[in-house]
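Residue strings, one per chain:
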Amino acid sequence: MTRFSLAVHGGAGTILKSSMTPELEVAYHAGLRRALDAGHAVLAKNGSALDAVTEAVCALEDEPLFNAGRGAVFTSDGKQEMDAAIMEGLGRQAGAVGSIFGPRNPIRAARAVMEQTDHVFLIGPNALKLAQDAGLPFEDTAYFFTQSRWDALQSTLKMRADGTVDDDPARRHGTVGAVACDAQGTLAAATSTGGMTAKAPGRVGDTPVIGAGTYADNATCAVSGTGHGEVFIRYTAAAEIAARMRHAGQSLEDAAAHVVNVDLGQNDGSGGIIAVDARGNITMPFNCDGMYRGSVTQDGAFETLIYR
Ligand code: ASP
């Protein structure tokens, strides 16, 4: 039997110890740990990787510190538009939603697309209708609002108005995700985001694009990405990791390191990924200052990390 494992992330970017308070650092670790606990509880009861990543991502969406669900960033016109995707690696089923606002847990809306429609990707009013029909809880603007994300929008808009180039996309992103390998060796990935601060209304990033920010295939790996979404899409980041394993026989670690450090890292694609293979190996490379991340394996070894 395969040994199960789970990894989570809460976004990568300009995360410097110098700009962190001890209290905030504790809160980030606690948020990651809650997500690991939620996913681990599923896997420890012989549950599926799909359920484990769903529960882990819901816990991260509920935590306002992370840019997904409650605490999502704002578009340039002060709205919140959320993207999410989920995929399982046995039958390569997938579901995604783009640019939605309302469901408390966008990842559950993505899962509803996967399980309740013949489609992979829904946007617009019909994505919300599906979530409503599926009985998912909805929340209002007050629930999703956080002052810190609002302040980040104001400072980004001011920089734009002043003509100060925001040359560091790492300042503006963040996302949450989970990957898991269950005891049967089935893989799953789930990713959810508010996108990038001050993004154009209607902009959709890599998160819900299968093969870019989210991917799962039992023969290779499950991947969840976080970073400058446009570059992840153009380099099909997650699918490229799987392709290197499939066609070039690379290990999970080597394939992921190449994509993150070379394909993304040398092309303005700041960010990172978490990935797992069907043996339960985990890798979590990133090419910027830090990435909120954590993992747990069958032996109950929990770890949460922020910096390099
Ligand atoms: N990749 C996300 C996006 O571009 C943002 C992030 O992960 O930080 O929407």
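Residues numbered from 1 in each chain as written. Predicted model: local features only at pLDDT ≥ 70, side-chain atom pairs only at ≥ 80, totals over all residues. Heavy atoms only, no water.

With that out of the way, let us pick up the overall build of the protein. Along the protein, the regular secondary structure elements total 9 helices and 12 strands. Against the 2.2 N^0.38 benchmark of 19 Å for 308 residues, the protein shows a C-alpha radius of gyration of 17 Å, consistent with a compact globule. Expressed along its principal axes, the backbone C-alpha trace of the protein runs to roughly 55 × 45 × 35 Å. Residue burial in the protein is summarised as follows: out of 308 residues, 56% are buried. Partitioning the intrachain contacts of the protein with sequence separation of at least 6 by distance along the chain shows that 69% fall at a separation of at least 24. Working note: accessible area of the protein is about 12,100 Å², and carbon and sulfur atoms make up 51% of it. Positive and negative side-chain charges in the protein, numbering 25 and 35 respectively, have mean positions lying 1 Å apart. (Helix = DSSP H or I, 4+ residues; strand = E, 2+ residues; numbered from the N terminus. Rg over C-alpha atoms; globule rule 2.2 N^0.38 Å. Buried < 20%, exposed > 50% of the residue type's maximum accessible area, 1.4 Å probe, protein only. Contact = heavy atoms within 4.5 Å. Areas by Shrake-Rupley, 256 points an atom, 1.4 Å probe, with all protein chains shown as cover. Lys, Arg positive; Asp, Glu negative; His and termini not counted. Charge placed at Lys NZ, Arg CZ, Asp CG, Glu CD.)

What follows covers the nonpolar core. Ranked by size, the top nonpolar core spans 49 residues in total, and within it V8, I86, V97 and Y292 carry the most contacts. Broken down by element, this core gets its largest block of residues, 8 residues, from helix α2 (residues 49-62). With residues near it in sequence (within four places) discarded, Y292 still touches V8, H9, G10, G11, I15, M20, Y28, L32, F66, L305 and I306. (Core = buried A, V, L, I, M, F, W, Y, C linked by side-chain atoms within 4.5 Å.)

Further remarks concern the environment of G229. Within the secondary structure, G229 is located in helix α7 (residues 229-234). Separated by 180 residues in sequence, G229 and A49 have C-alpha atoms that sit 25 Å apart. Residues contacting G229, with those up to four places away along its chain left out, are M196, R203 and D206.

Burial of strand β6 (residues 187-193) is extensive: 7 of the 7 residues sit out of reach of the surface. Here β6 shows a buried face lined by L187, A189, T191 and T193 and a second buried face lined by A188, A190 and S192. With 6 bridges joining them, strand β2 (residues 82-88) and β6 adopt antiparallel strand pairing. Within β6, the residue paired with D83 across the bridge is T193. Direction of pairing for strand β5 (residues 176-181) relative to β6: antiparallel, over a ladder of 6 bridges. For A180, the partnering residue across the bridge sits in β6 and is A188. Where β5 hands over to β6, the hairpin turn is made up of 5 residues, of which G185 adopts a positive phi near 85 degrees. (Pairing = 2+ DSSP bridges.)

Mapping T236 onto the fold places it in the loop between α7 and α8 (237-248). In sequence terms T236 and G300 are 64 residues apart; their C-alpha atoms lie 33 Å from each other. Not counting residues up to four positions away in its chain, the partners in contact with T236 are G211 and A212.

Another aspect to go through is the packing of α8 against helix α9 (residues 252-264). Interhelical geometry of α8 versus α9 gives an angle of 135 degrees and a closest axis separation of 9 Å. By the angle between their directions, the pair α8 and α9 is classed as oblique. In the packing of α8 onto α9, the handedness of the crossing is right-handed. Here α8 contributes A237, E240, I241, R244 and M245 to the contact with α9, which in turn contributes L252, A255, A256, H258, V259, D263 and L264. For the contact of α8 with α9, the residue count by class is 8 nonpolar, 1 polar and 3 charged. (Axes fitted to C-alpha atoms, helices over the stretch in contact; angles between N-to-C directions. Parallel < 35°, antiparallel > 145°, perpendicular 65-115°, else oblique. Left-handed = near helix turned anticlockwise from the far one by under 90°. Nonpolar A, V, L, I, M, F, W, Y, C, P; charged D, E, K, R; others polar.)

So, on to the side chain of R244. Among the structural elements, R244 can be located in helix α8. If sequence neighbours within four positions are ignored, R244 has contacts with G249, Q250, A255, H258 and V259.

Spatially, β4-β3-β2-β6-β5-β1-β11-β12 is the arrangement adopted by the 8 strands of the open sheet, whose pairing is mixed. Here the strands that pair on one side only, and so sit at the sheet edges, are β4 (121-123) and β12 (302-307). Averaged over all pairs of adjacent strands, the angle between their axes in this sheet comes to 10 degrees, without regard to strand direction. Note that strand β11 (residues 290-297) and β12 share 5 bridges and pair antiparallel. Residue pairing across strands places G290 opposite Y307, the latter belonging to β12. Strand contacts of α2: β1 (5-13), β2, β5 and β6, with the helix running at about 160 degrees to β5, the strand carrying the most contacts. Along the sheet face, helix α4 (residues 124-133) touches β3 (93-100) and β4 and points at about 105 degrees away from the line of β4.

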